[in-house]
Amino acid sequence: MDVDVVNATGPHRFEARLGERITGVVAYRDRGRVRELIHTEVDAEFEGQGVASDLTRGALDSIRSEGRLVRPTCPYVTGWLSRHQDYQDLVASGPGARA
């Protein structure tokens, strides 16, 4: 499935899109240079098809390209990061990470 991931800055979320249809979202809030990923949701019709994984990867790639760090408070994103060690460098830690 070819999912495009778009950063919809107005509603503060990344959107997974198939054509013009939004199939999933991951909501965020910014705290300085740290982007907190707070909630992931995929339409029931697309569950189990890799949309959430593609969405998470796309969001993290965008965060990396912006020079930001990530604070995953969403359980899905936290679990995804635990299985993808190549994204651990993005995870904010320590008191200075909120700057």
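A brief structural summary. (Residues numbered from 1 in each chain as written. Predicted model: local features only at pLDDT ≥ 70, side-chain atom pairs only at ≥ 80, totals over all residues. Heavy atoms only, no water.)

### Section: the pairing of strand β4 (residues 34–42)
Here is step 1 of the chain: In terms of strand pairing, strand β3 (residues 21–31) meets β4 through eight bridges, oriented antiparallel. Following the sheet pairing, A27 is matched in β4 by H39.
Here is step 2 of the chain: Counted along the chain from β3 to the antiparallel partner β4, the turn is two residues long, and its residue G32 has a positive phi close to 65 degrees.
Here is step 3 of the chain: Both β4 and strand β5 (residues 69–72) contribute to a ladder of four bridges, which runs parallel. (Pairing = 2+ DSSP bridges. Helix = DSSP H or I, 4+ residues; strand = E, 2+ residues; numbered from the N terminus.)

### What to know about the pattern of salt bridges
Here is step 1 of the chain: All chains considered together, the criterion is met by nine salt bridges.
Here is step 2 of the chain: For R21, the salt bridge goes to E45, with nearest N and O atoms at 2.8 Å. With a gap of 24 residues between them, R21 in strand β3 and E45 in the loop between β4 and α1 (51–65) connect regions that are remote in the sequence.
Here is step 3 of the chain: Across the salt bridge formed by D89 and R64, the nearest N and O atoms sit 2.5 Å from each other. (Salt bridge = Lys/Arg side-chain N within 4 Å of Asp/Glu carboxyl O.)

### Some remarks on the packing of aromatic side chains
Here is step 1 of the chain: This model, assessed by the stated rule, comprises two aromatic pairs.
Here is step 2 of the chain: Taking the centre distance of 5.2 Å and the plane angle of 45 degrees together, the rings of F14 and Y28 count as tilted. Here F14 is found in strand β2 (residues 13–18), whereas its partner Y28 is found in strand β3, with 14 residues between them in sequence. For the pair F14 and Y28, a shared accessibility class is recorded, and that class is buried.
Here is step 3 of the chain: Centroid distance W80 to Y87: 5.2 Å. Interplanar angle 65 degrees. Geometry classified as edge-to-face.
Here is step 4 of the chain: Above the face of the Y28 ring, R35 is positioned so that its terminal group lies 4.1 Å from the ring centre. (Phe/Tyr/Trp six-rings, centres within 6.5 Å; stacked < 30°, edge-to-face > 60°. Buried < 20%, exposed > 50% of the residue type's maximum accessible area, 1.4 Å probe, protein only. Lys NZ or Arg CZ within 6 Å of the ring centre and 35° of its normal.)

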